[in-house]
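# A structural walkthrough
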Amino acid sequence: MTTPAPNPLRRGLIEDRTGDPCALVIFGASGDLTRRKLMPAIYNLALSRSLPSGFATVGVARRAKTHAQFCAEMKEGVAQFSRRKPIDPALWSDFERGIGYVQGSFDDPSTYQKLAAHLDEVDKERGTRRNRLYYLAVPPAEFATIVANLREANLVADAAAERSGGPWTRIIIEKPFGDDLQSSRELNDCIASAFAESQVFRIDHYLGKETVQNLLVFRFANSLFEPTWNREHVDNVQITVAEDIGVEGRGKFYEQIGVTKDIVENHLMQLLCLTAMEPPISLSADAVRDEKVKVLRSLRRMEASTIRENVVRGQYGRGFVRGEEVPAYREEPDVAKDSRVETYVAMKVLIDNWRWGGVPFYVRAGKRLPRKVTEIAIQFKQVPHNLFAAPDGGVSPNVLAVRVQPDEGIALRFTTKEPGNATVLRDVAMDFRYGSAFGSNTPEAYERLLLDAMRGDATLFTRRDEVEEQWAFIDPVIDAWRDQAAPPPIYPAGTWGPEQADDLLARDGRRWRRP
Amino acid sequence: MSAPTTPAGGAPPAGTSDAGTGGAARLIAKLEQELRDLWKPPEDPAATPLTRVCTMNIGVVAPSRELLERYTPVIDEVTASIPARAILASIEPDGGADEITGSATAVCSLSGGKNICSERITLAVHGNASARAASAIEALLVPEIPTALVWLGRVHTDDPVFEDLAGEAHRVVLDSEYTSISSVIHVAAWARGQRNAPEIVDLAWTRIAVWQEMLARFFDDLETRPLASKVTRLVLKQACDPGAGIGPEGALMLGWIGTRLGWKTSRLAGALRLKRADGQAVTIELASVPRPAGVAPHTLAGFMLEAGDDPKAPLLRGSIERELASGLTDQEDTTRDADVIVWRCAKADRAEIEQRIRLGANKAAKWLERTLHRPARDVAFAESIAFAEHIVEDGLTVS
C-alpha cells in the first residue's frame with residue numbers, strides 16, 4: 001500500500017480547514033434535526049468557505065416530495081435557524097444546486113438502488129469522488145435496517161481503500177448509542193457488519209463545544225496546571241450539567257430515558273474523561289480516545305450497596321424557576337402520574353488509578369435546576385498550615401472552574417488580602433471568558449463536527465469501546481434503581497436537587513458549588 | 001456586533017500636553033492615571049460597570065495625524081473583537097514644536113448587552129520629541145501579552161523609532177497596498193538579518209489566503225495531483241489599466257505558487273522566465289480587468305491555470321474569477337465589496353465543476369483582525385516574499 005504524495009499547494013497553508021469532497025446523505029431528512037441543525041450547519045460551512053468544491057447534500061426520507069419542495073423546506077430551515085442571517089442569495093443558489101432528495105422507505109431495497117443511481121449522477125456533476133458521508137438522523141430502531149441495506153446495495157466502500165487514496169465511506173450516528181450495555185453492543189455489532197470502526201462517527205455534540213476542546217489545550221499546553229492536576233493537589237472535582245428547563249413537551253421520550261441515560265452516560269462521562277485522562281501521545285483520534293477509555297476502565301464499579309451510598313436521584317416537583325411557577329415532572333404532558341423516572345442524579349465517582357486514587361469526582365445532572373450551566377470545577381486542597389486567623393475558619397481552597405456553557409470560559413479562584421492595615425482575606429477570581437477575549441462568532445458544535453467527519457478526524461467522536469465502557473459503568477446504577485421500591489425523592493423545581501445530594505458531599509465534609 | 005463606542009459617562013478623552021525634558025515621563029504618568037480612572041467602579045451605583053479586557057497590545061504608527069485619525073475607526077473595530085490596549089501614535093519629526101501629547105480613553109463594544117472595553121491611547125509626537133516616541137510607547141505596553149506593531153506609511157529599517165518598536169513587537173503588520181511591495185520586501189529582508197526579529201506580515205498576504213486555498217483545491221484530487229508539477233500556463237488578472245505593473249497581491253500569489261511548486265526564476269536577455277522543477281518553462285501572463293469605483297488598484301481579480309504534458313492540450317484547466325463589486329449590503333459582516341468568487345475546474349474527461357463562495361468583507365479592519373488571528377510565524381510568507389522579489393525586480397507588466 002502506498003500513501004499518496006501530499007498536495008504541494010497545501011504545504012504550510014494556514015487558511016481555514018476545508019472538508020474532503022463528498023456527498024452527505026441524510027437519512028431522516030424530513031425531521032427536525034435536519035432542518036434545525038444539520039442544514040444550517042452545512043450552510044454556515046459554505047458561508048465560511050469550509051465546504052469542499054465537490055460537495056452535495058442528499059436527503060433520504062419516506063415522505064413524497066419534489067426536489068423543489070425539499071429545497072424550499074431546507075431554505076426555510078436555514079433562514080430560521082442559521083446563526084448568520086439573512087440567506088446570501090448568490091451562495092444559496094450554488095448551495096441549492098448540490099441538494100438532492102430521494103424518497104423511499106428505509107426498509108425497501110429499491111430506495112437504496114435509487115440512492116445509488118442518484119449518487120452516481122452526483123459524482124459526475126458535483127465532483128464528489130464517490131466519497132459518502134451518511135448521517136443517520138433517525139431513531140436508533142432504524143439503524144440496523146439502514147446499515148444492512150447500505151451494505152446490500154454496495155454503498156459502503158472498503159475502509160482499506162481509503163488508506164490507499166480510494167473513495168471513502170463514513171457514517172455518523174446520533175445518541176443514544178443503545179439503551180444499555182447489551183443493546184449498545186448489539187447496535188455496534190450491527191454497524192460493524194457494514195462499517196469498520198474507523199468509518200463510524202458517533203456524535204456527541206458536547207465534544208464540539210469550544211470549551212470542551214479547549215480543555216485539552218488548557219491542560220496540555222500550559223505547564224502551570226498539569227503538575228497540580230492529581231491526587232497530591234486536588235481535593236475533589238465537581239462536574240455539573242444543569243438545565244433550568246423541564247422536559248419541554250418530550251415527556252414520552254423522557255419517560256423512557258431519564259437524566260442518567262440522557263446526560264450522564266454520554267456528555268457527563270465525556271467531560272469526566274477529558275478532565276481525568278493522561279496526556280495522549282499525540283492528538284490523533286485514537287491516541288486521545290485510548291486515554292479516555294483508560295479513565296473509563298479505571299472507574300470504580302458500583303454495587304448495590306455502594307450505589308445507595310454514592311448515588312442520589314431525584315425528580316422535580318412544582319416550584320419556581322427564573323421567577324415563574326412551573327409544574328412538577330408528573331404534571332408534564334405524556335408523563336405517568338406515578339412516574340419513577342429520575343430528572344436529577346448526583347454521583348460520587350472514584351477513579352482507581354495512580355493519578356486520581358482517593359480523589360472523589362462528584363458529578364450531577366438535572367432538569368429544572370435554578371439555572372442552565374455546565375461546568376467542571378477542580379477544587380484544590382487547603383494549604384497545609386493556615387497562617388491567617390479568620391473568623392470563618394480561614395483560607396478558602398483554590399478552585400479552577402471550566403465553564404462549558406453559557407459564558408464559556410475559565411476562572412481561577414484564589415485568596416488575596418483586602419487593602420488596609422488589617423490582614424483581611426478575600427476570595428477573588430481571575431476570569432477568562434471566550435466571548436469577551438475573542439469576541440468572535442463561534443461556530444455551532446454541529447459545524448465543527450460535520451467538518452471533522454468530512455475530513456476523517458474522529459478525535460471529537462466517541463469510539464465503540466468508550467460507549468460500551470460508559471454503559472458498563474452506568475448499567476448497575478440503573479439496574480439497582482429498578483429493584484428499589486421507593487420512588488426518587490422529589491425536589492422543588494428551581495432548587496439544586498434533593499437534600500440527599502447535599503448529604504452525599506456533607507458525609508465527606510464537603511459541599512456542592514453553586515455555579 | 002454593535003459599533004464600538006466610548007463609554008457614556010466614562011472618562012472623556014482628555015488631552016494632556018507636555019514637552020521638553022521630563023515631559024514624556026510626566027505624560028506617561030498622567031496617561032496611566034487616566035487609565036486607572038477609567039476602571040474605577042462607577043460612583044453611581046445604578047451605572048453599568050465597564051469590563052476591561054486586554055488580550056494584546058496593538059501599536060499603530062502613522063506619519064501624520066490625519067492618517068492616524070482616518071485609521072482610528074479601523075482600530076476601534078478591531079478591538080471590538082480582539083480586546084486590546086491600542087496605542088496610536090502619529091510621529092511627525094518635521095512638524096510643529098518639540099512636544100508629545102496624548103490622551104487615553106475606553107472603547108467599548110456593547111455586543112450582546114455586554115460592556116466590554118478596550119483601551120485606546122493616542123499620542124501625537126512632533127519635532128525632536130520624535131526621538132522619544134518609541135520609549136514612550138514601550139512604557140505604555142501591557143506586559144506579558146503579545147504586541148503587534150501596525151506601521152502605516154513607508155518603512156525605513158534604519159529609523160530608530162521603527163527599530164526600537166519592532167524590537168518590542170512579536171509581529172510587524174504592513175500593508176503593501178498602502179506602502180509598496182518593495183517596502184515589505186525590504187522589511188522582510190531586514191528581519192531575516194536580525195537575531196530576534198519580529199514576524200513580518202503583509203495584509204495583502206491575508207487578502208490572498210482565500211485564493212491560495214481555492215487554488216490548492218485544483219490538486220486535491222489524487223488524479224489531478226501529479227499535474228501540479230506540470231503547470232504550463234498561468235494567467236493573473238488584476239483590476240488596473242493596461243500597462244500597469246504587477247500588484248502586491250499578484251506578486252505574492254506568484255511567489256507563493258513558485259515556492260510551493262519548486263519553480264526557479266531565470267533570465268533570458270534580461271527578461272524574467274519561470275521554470276518548473278523539471279526545467280520546462282511556465283508561461284505567465286498578466287491581464288487587466290476594468291476597475292469598478294471603490295475597488296483598490298491592482299486588486300487580484302482572476303486566475304487561470306493550465307496543466308498537462310502538452311501545453312496545447314491541457315489536461316486540467318482551472319479558473320478563479322472574482323466578480324468585482326458583487327458584495328451585499330444586507331448581510332451581517334459583509335459589505336458591497338465582499339465579492340463572490342467563482343471557482344471552476346475542468347478536466348479533459350469530466351464535466352466542469354463550479355463552486356461559488358463569498359469573500360469576507362473587504363474592510364481594513366477585517367483584514368487586520370484576521371491577520372492578528374493567524375499564527376504569527378508563517379514560513380510560506382517568508383519564502384514567498386523572497387520569491388516575489390525577483391518578480392517585482394523584473395517589473396512584470398500587463399500585456
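## What to know about the pattern of salt bridges
For side chains bearing opposite charge, pairing can occur when the charged atoms are close. One pass over the structure, following the stated rule, counts 68 salt bridges over all chains. The salt bridge involving A:Arg448 is made with A:Asp452; its shortest N-O contact spans 3.1 Å. In this pair, A:Arg448 and A:Asp452 are both assigned in helix α13 (residues 445-455), four residues apart and thus about one turn of the helix distant. Here A:Arg448 falls in the partly exposed class, since its relative accessible area comes to 28%. Here B:Glu119 makes a salt bridge to B:Arg52, at a shortest N to O gap of 3.0 Å.

## Points about the nonpolar core
Counting 148 residues, the largest nonpolar core has A:Phe27, A:Leu115, A:Tyr135, A:Leu150, A:Phe195 and A:Met347 as the members making the most contacts within it. By residue number, the principal contributor to this core is helix α9 (residues 251-276) of chain A, which donates 12 residues. Viewed by domain, this core spans two of them, domain 1 (8-174) and domain 2 (208-506) of chain A, each represented by three or more residues. The contacts of A:Leu150, once residues within four sequence positions are left out, are A:Phe27, A:Tyr112, A:Leu115, A:Tyr134, A:Leu155, A:Val156 and A:Phe195. Of all hydrophobic cores here, the second largest spans 91 residues; its members include B:Val187, B:Ile200, B:Leu261 and B:Phe381.

## Observations regarding the domain arrangement of chain A
Residue and element names in this part refer to chain A. Here chain A is described as being made up of domain 1 (8-174) and domain 2 (208-506). Between domain 1 and domain 2, the residue contacts involve 25 residues of the former and 15 residues of the latter. Buried area between domain 1 and domain 2, summed over both chains or domains, comes out near 1,700 Å², and the portion from carbon and sulfur atoms is 62%. For the pair domain 1 and domain 2, the interface holds one salt bridge.

## Some details on the interface of chain A and chain B
Taken together, the contact pairs 41 residues of chain A with 47 residues of chain B. Taken together, both faces of the contact between chain A and chain B bury some 3,700 Å²; the carbon and sulfur share is 51%. Broken down residue by residue, the surface that chain A buries against chain B is led by A:Leu9, A:Arg49 and A:Ser53, which jointly contribute 20%. Among the ionic pairs, B:Arg358 bridges to A:Asp88, the shortest N-O distance being 2.5 Å.

## Some details on the packing of aromatic side chains
All names here are of chain A. Evaluated as defined, the whole model comprises 19 aromatic pairs over all chains. When the centroid spacing of 5.8 Å and the interplanar angle of 70 degrees are considered together, the rings of Phe 27 and Phe 106 count as edge-to-face. Taken together, the residues Phe 27 in strand β1 (residues 22-27) and Phe 106 in the loop between β3 (99-103) and α4 (109-126) connect sequence positions 79 residues apart. Plain terms: the ring middles of Phe 27 and Tyr 112 are 6.1 Å apart, the flat faces sit at 25 degrees to each other, and that makes the pair stacked. Of the two residues, Phe 27 is situated in strand β1 and Tyr 112 in helix α4; the sequence distance between them amounts to 85 residues. Given the relative accessible area of 1%, Tyr 112 is considered buried. Stacked on the ring of Trp 168, the Lys or Arg Arg 170 has its end atom at 3.6 Å from the ring centre. The residue whose ring lies beneath Lys 209 is Tyr 206, and the NZ or CZ to ring-centre distance is 5.6 Å.

## What about the environment of A:Asp502?
Residues and elements named next belong to chain A. Within the secondary structure, Asp 502 is located in helix α15 (residues 499-506). Using a relative accessible area of 32% as the deciding quantity, one classes Asp 502 as partly exposed. For the pair Asp 502 and Glu 210, spaced 292 residues apart in sequence, the C-alpha separation works out to 31 Å. Sequence-distant contacts of Asp 502, defined by excluding residues within four places in its chain, comprise Trp 512 and Arg 514.

## Considering the pairing of strand β7 (residues 234-242) of chain A
Residue and element names in this part refer to chain A. In terms of burial, β7 is a largely internal element, eight of the nine residues being buried. Where β7 lies against strand β12 (residues 373-380), eight bridges are found, and the strand directions are antiparallel. In the strand pairing of β12, Gln 238 is matched with Ala 377. One ladder, built from six bridges, connects β7 with strand β11 (residues 360-366); its direction is parallel.

## Observations concerning the sheet that holds strand β5 (residues 169-174) of chain A
All names here are of chain A. Strand order in the open sheet formed by seven strands is β3-β2-β1-β4-β5-β6-β16, with mixed pairing between adjacent strands. Two strands bound the open sheet, and with one partner strand each, they are β3 and β16 (461-462). Two elements, β1 and strand β4 (residues 132-136), share five bridges in a ladder whose sense is parallel. Note that in β4 the partner of Ile 26 across the bridge is Tyr 135. With respect to the sheet, helix α2 (residues 67-81) is in contact with β2 (55-61) and β3, its orientation differing from that of β3 by roughly 120 degrees. Taken strand by strand, helix α5 (residues 143-152) contacts β1, β4 and β5, and its axis lies near 160 degrees from that of β4.

## Observations concerning the packing of helix α5 (residues 181-192) of chain B against helix α10 (residues 379-393) of chain B
Residues and elements named next belong to chain B. Axis separation between α5 and α10 bottoms out at 10 Å; the angle between their running directions is 130 degrees. The angle between α5 and α10 places the two elements in the oblique class. Like other packed secondary-structure pairs, α5 and α10 cross with a definite hand, here left-handed. In this structure, α5 uses Ile 181, Ser 182, Val 184, Ile 185, Ala 188 and Arg 192 to contact α10, whose residues at the interface are Phe 381, Ala 382, Ile 385, Ala 386, Ala 388, Glu 389 and Val 392. The residue inventory of the contact of α5 with α10, partitioned by class, reads 10 nonpolar, one polar and two charged.

Here is what the cut-offs are and how they apply
- Residues numbered from 1 in each chain as written.
- Chains lettered and ligands numbered in written order.
- Predicted model: local features only at pLDDT ≥ 70, side-chain atom pairs only at ≥ 80, totals over all residues.
- Heavy atoms only, no water.
- Salt bridge = Lys/Arg side-chain N within 4 Å of Asp/Glu carboxyl O.
- Helix = DSSP H or I, 4+ residues; strand = E, 2+ residues; numbered from the N terminus.
- Buried < 20%, exposed > 50% of the residue type's maximum accessible area, 1.4 Å probe, protein only.
- Core = buried A, V, L, I, M, F, W, Y, C linked by side-chain atoms within 4.5 Å.
- Domains from an automatic or database assignment.
- Contact = heavy atoms within 4.5 Å.
- Buried area = accessible area lost by both parts, 1.4 Å probe.
- Phe/Tyr/Trp six-rings, centres within 6.5 Å; stacked < 30°, edge-to-face > 60°.
- Lys NZ or Arg CZ within 6 Å of the ring centre and 35° of its normal.
- Pairing = 2+ DSSP bridges.
- Axes fitted to C-alpha atoms, helices over the stretch in contact; angles between N-to-C directions.
- Parallel < 35°, antiparallel > 145°, perpendicular 65-115°, else oblique.
- Left-handed = near helix turned anticlockwise from the far one by under 90°.
- Nonpolar A, V, L, I, M, F, W, Y, C, P; charged D, E, K, R; others polar.

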